[in-house]
Amino acid sequence: MFFAWWAAMLGYWSLAVSTHSQGSVSHATRIFGWVFFACFAVNMVLCVTVMFFNWPKFIVPPHQRSELGAASEWRARRHERGARSP
């Protein structure tokens, strides 16, 4: 999450600088900004998949790889309640 926040801030500020500059500096900072916003988006997608699905395994901390993700736990609890009710 920390990297995502920094990527978003660097992307925002580089795009803000690019609107007030001219020439190749403007173009370079605009590209720099969009690259950081793309890093932000990828990082947020990875954070959500790790949190909800515990996937991809190479990003999940080693001691938590055998655990279920939040969505899997919710589904398992939901099926348990459905099986108990008459």
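A cluster of nonpolar side chains, contributed by Phe2, Trp5, Trp6, Leu10 and Phe32, occupies part of the molecular surface with about 560 Å² of accessible area. Relative to the elements of secondary structure, tryptophan 5 occurs in helix α1 (residues 2–19). The class of tryptophan 5 is partly exposed, set by a relative accessible area of 45%.

Our next topic: the confidence of the model for the chain. The predicted structure's coordinates, where accompanied by low pLDDT, should not be read in detail. Scored by pLDDT, the chain has a mean of 86; 94% of the residues are at 70 or more. Averaged over each element, pLDDT in the chain is lowest for helix α3 (residues 70–84) (83) and highest for helix α2 (residues 24–53) (89).

Across all of its chains, the model carries five aromatic pairs by this definition. For the ring pair phenylalanine 32 and phenylalanine 36, a centre distance of 4.6 Å and an interplane angle of 75° mean the geometry is edge-to-face. Of this pair, phenylalanine 32 and phenylalanine 36 both sit in helix α2, four residues apart, which is roughly one turn of that helix.

Rules used in this analysis
Residues numbered from 1 in each chain as written. Predicted model: local features only at pLDDT ≥ 70, side-chain atom pairs only at ≥ 80, totals over all residues. Heavy atoms only, no water. Patch = residues over 30% accessible without salt bridge, like charges linked within 9 Å, V, L, I, M, F, W, Y side chains within 5 Å. Areas by Shrake-Rupley, 256 points an atom, 1.4 Å probe, with all protein chains shown as cover. Salt bridge = Lys/Arg side-chain N within 4 Å of Asp/Glu carboxyl O. Helix = DSSP H or I, 4+ residues; strand = E, 2+ residues; numbered from the N terminus. Buried < 20%, exposed > 50% of the residue type's maximum accessible area, 1.4 Å probe, protein only. pLDDT = per-residue confidence, 0-100. Phe/Tyr/Trp six-rings, centres within 6.5 Å; stacked < 30°, edge-to-face > 60°.

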